[in-house]
Amino acid sequence: MSIIEKPVTPKPRKPWAATPVDRAKTGGIVLAALAVSFVFVAVTPMSGKLAYAAIFCLAYLVIDFVVSFVKAGRPAAVDSFFRGLVTTAIVIAVMPIVSILVTVWVRGHKGLHWTLFTKDMHSNSFTDPIGQGGLLHAIIGTFLLVFFAMIISVPIGILTALYLTEIRGKFTRPIEFLVQAMSGVPSIVAGLFIYAAILIPFTKTVNGFQGSLALAILMIPTVARTSQEVLKLIPSDLREAGVALGGTQWRSVALVVVPAARSGLITAMILGVARVAGETAPILLLTGGSGTKNYNIFNGSLGSLPNYVWQAFAAGTPESIARAWAGILVLLVIVVILFTAARILGNRKVGKK
Amino acid sequence: MTIESEDNQGDEMETTASKGSLSDIAAARLQKQPGNSALGVGLEARGVHAWFGEKHALANVSLDFWPGTVTALIGPSGCGKSTFLRTLNRMHEFIPTAAMAGEVLLNGEDIYAAGVDVTKIRLKVGMVFQKPNPFPSMTIAENVLAGLKLAQLKTENKDDLLEECLERAGLWAEVKDRLNTHGGALSGGQQQRLCIARALAVRPQVLLMDEPCSALDPGSTLRIEETISQLSSSVTIVIVTHNMQQAARVSDYTAFFLSDGGPGQMIEVGSTNEIFSRPKDERTENYVTGRFG
Ligand SMILES: Nc1ncnc2c1ncn2[C@@H]1O[C@H](COP(=O)(O)OP(=O)(O)OP(=O)(O)O)[C@@H](O)[C@H]1O
Ligand SMILES: [Mg+2]
């Protein structure tokens, strides 16, 4: 009906995005830097992948700086130089992590077999072909160790954090210092402590719970420090509002502050778990390394993933080494699953009943 | 003289809010007479001083709050209005370096006397903060009833209390269909009214409000001013505001605070009408007429 033209909606553009010319320029600098690195490796005694990478980064920074300087002057050149520097730093920081993940996958997937999750090692040895025996006992053991370590350390860690942020008593400073110092304790020291304090005088034998105690010692500082950071982020407005409504400090913390920090506290817990799930030294010392399923953490030798990996590597045949890498892969996947679960739990919104 | 009915006050606000100078607005508000005995004897500050560490922030303030009245505290920034307000429900001591002197009498008894249960004081003297601060982990309904949980109070019928408080805070109509969504999903003005509802749920005798509208748009501000007018027959209200129009619109009495570099002091208190039309002190006059400093 209407004869009036519909107003034309313009196409959305990004005038600030890099133009083809810009991209060509960046590509040119990359090529030039590559060329420089080849020339350098050819004429100097340096060699290897690392040399290529190092010279490439340096060359890129220098060429980029010079090009920007000529085109746009000093401030732009400095800006672009620092952008390059930060990017390089990030790449260097991430490289080892990516490299570890790739290595674990490449070596570990060969050792994967469904029997890993259904069988234990009570009638097999590490040198048997893949497909015979498995690491179910080790998964159970690691689960028990970490679960009990968590039960011990999470309440202590969170209560410590609450003392440091909410009560702020006379001992805040020394305790804060102690927690920081404790997070630097080598795991073997925690293991030796339990060894000397419990195994030698009392139990005189290995069992899982001693391992959990050592892991708890390692977990507490991580949980406490992360929780403290999280609680510090809760605005003091909320604490004041709770108290102004006639709550005692304890009730206001329990009903307002802790629920508001919930997702962060769950993250703190998971970080603690991730810190200890792969700990090997105290486990070797305290829990033993049975190849049989053991559901009783208080009695008997308890297998675990780190122990399984250690034993498998020590056996030294191609089969056993493949088993070891598969064990590492399983451990990594478990930690990743935990992290994901924690994120999902922590981000769940309130108000769904 | 008698206390006006609520309807009357509401009408009066509508007609006077839009026109005239500050003193006209204030003069148009009929004086309410103290004496609603259901509200207790009232709140009296006697020679209150406050310190933050070495800093003397407030000197010798004596001020009475009649039951069922609205008192506005005005004055330039940093003169100690918030500090004074927070001495009235013992929130001042929440700051680690804080110290105070003097007495604050609630129904004739010093709230700073030895052995007084401070949580009971804060139940009777509620507070609404400058920035809306609903509890983020709770739904709208849980927010309103949070005080009951915090102070471990019992009620017969939570649903009735919930509706009553939201109604009194002027929020019921807007949220009644989503009581179980969480409080952070409301607009700033709605959040502030939610905080007022939350403060009302524990049935305070006095309500302290520290610049409750400073973060809000004019529409929300008007809603909250209406809320204050409606509440004032049942609750004694002390409100800090930088908005002279607002002080003139909502308050019966106004106290002017000022700091001359040293500790803040109360320069003058009187009926709002007087303060805005014929203040006794020259500094008050300069401030309310905008010729200050
Ligand atoms: N936590 C604190 N620690 C130290 N000094 C403080 C603290 N809070 C307030 N003061 C000081 O006390 C004085 C009074 O502050 P107060 O917050 O009461 O002012 P105000 O009148 O509420 O100001 P505004 O209108 O800006 O809110 C100011 O000089 C301020 O610097
Ligand atoms: Mg203030």
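Details of the structure are given in the entry above.
The following paragraphs examine the structure supplied in this document. (Residues numbered from 1 in each chain as written. Chains lettered and ligands numbered in written order. Predicted model: local features only at pLDDT ≥ 70, side-chain atom pairs only at ≥ 80, totals over all residues. Heavy atoms only, no water.)

### Digging into the sheet that holds strand E2 (residues 55-65) of chain B
All names here are of chain B.
- With respect to topology, four strands assemble into an open sheet ordered E2-E1-E4-E5, the strand pairing being antiparallel. In this open sheet, the two strands that pair with only one neighbour each are E2 and strand E5 (109-110).
- Here strand E1 (residues 43-52) runs beside E2; their pairing, made up of seven bridges, is antiparallel. Bridge assignment links tryptophan 51 to a residue of E2, and that residue is histidine 56. (Pairing = 2+ DSSP bridges. Helix = DSSP H or I, 4+ residues; strand = E, 2+ residues; numbered from the N terminus.)

### A few points about the packing of helix H7 (residues 158-168) of chain B against helix H9 (residues 188-200) of chain B
All names here are of chain B.
- At their nearest, the axes of H7 and H9 sit 8 Å apart, and the two run at 130° to each other. As far as their axial angle goes, H9 and H7 are oblique. Considering how the two elements wind past one another, H7 and H9 form a crossing that is right-handed. Listed contacts from H9 to Cys165, Leu166 and Arg168 of H7 are Leu194, Ala197 and Leu200.
- Residues of the contact of H7 with H9, tallied by class, amount to five nonpolar, no polar and one charged. (Axes fitted to C-alpha atoms, helices over the stretch in contact; angles between N-to-C directions. Parallel < 35°, antiparallel > 145°, perpendicular 65-115°, else oblique. Left-handed = near helix turned anticlockwise from the far one by under 90°. Contact = heavy atoms within 4.5 Å. Nonpolar A, V, L, I, M, F, W, Y, C, P; charged D, E, K, R; others polar.)

### A look at the environment of A:Gln132
- For A:Gln132, the position within the fold is in the loop between helix H3 (74-108) and helix H4 (136-167).
- When residues no more than four places from it in sequence are discounted, the contact partners of A:Gln132 are A:Thr115, A:Asn124 and A:Arg323.

### Thoughts on the nonpolar core
- Membership of the largest hydrophobic core comes to 80 residues, with the highest contact counts inside it found for B:Leu73, B:Phe84, B:Leu88, B:Phe135 and B:Phe257.
- Examining the composition of this core, we find that ten residues originate from one element, H4(A), more than from any other.
- With residues up to four places along the chain from it excluded, the contact list for B:Phe84 reads B:Ala45, B:Val48, B:Leu58, B:Val61, B:Leu63, B:Phe65, B:Leu73 and B:Phe257.
- Counting 46 residues, the second largest nonpolar core, distinct from the first, contains B:Val144, B:Ile196, B:Ile275 and B:Val288. (Core = buried A, V, L, I, M, F, W, Y, C linked by side-chain atoms within 4.5 Å. Buried < 20%, exposed > 50% of the residue type's maximum accessible area, 1.4 Å probe, protein only.)

### Quick look at the site of ligand 1
Residue and element names in this part refer to chain B.
- In the vicinity of ligand 1 there are 13 residues, among which Ser77, Lys81, Ser82, Thr83 and His242 approach most closely.
- One nitrogen or oxygen atom from the side chain of lysine 55 is found 3.4 Å from an oxygen atom belonging to ligand 1.
- Separating an oxygen atom of ligand 1 from a side-chain N or O atom of serine 82 is a distance of 2.6 Å.
- When isolated, ligand 1 has an accessible area of 640 Å², and the protein chains bury 65% of it.
- For the shell around ligand 1, the secondary structure elements donating two or more residues are E2 and helix H3 (81-87).
- The element best represented in the shell around ligand 1 is H3, accounting for three residues.
- Residues that form the shell around ligand 1 fall into these classes: four nonpolar, six polar and three charged. (Near = heavy atom within 4 Å. Polar contact = N/O pair within 3.5 Å; in protein donor to acceptor, adjacent residues only side chain to side chain. Areas by Shrake-Rupley, 256 points an atom, 1.4 Å probe, with all protein chains shown as cover.)

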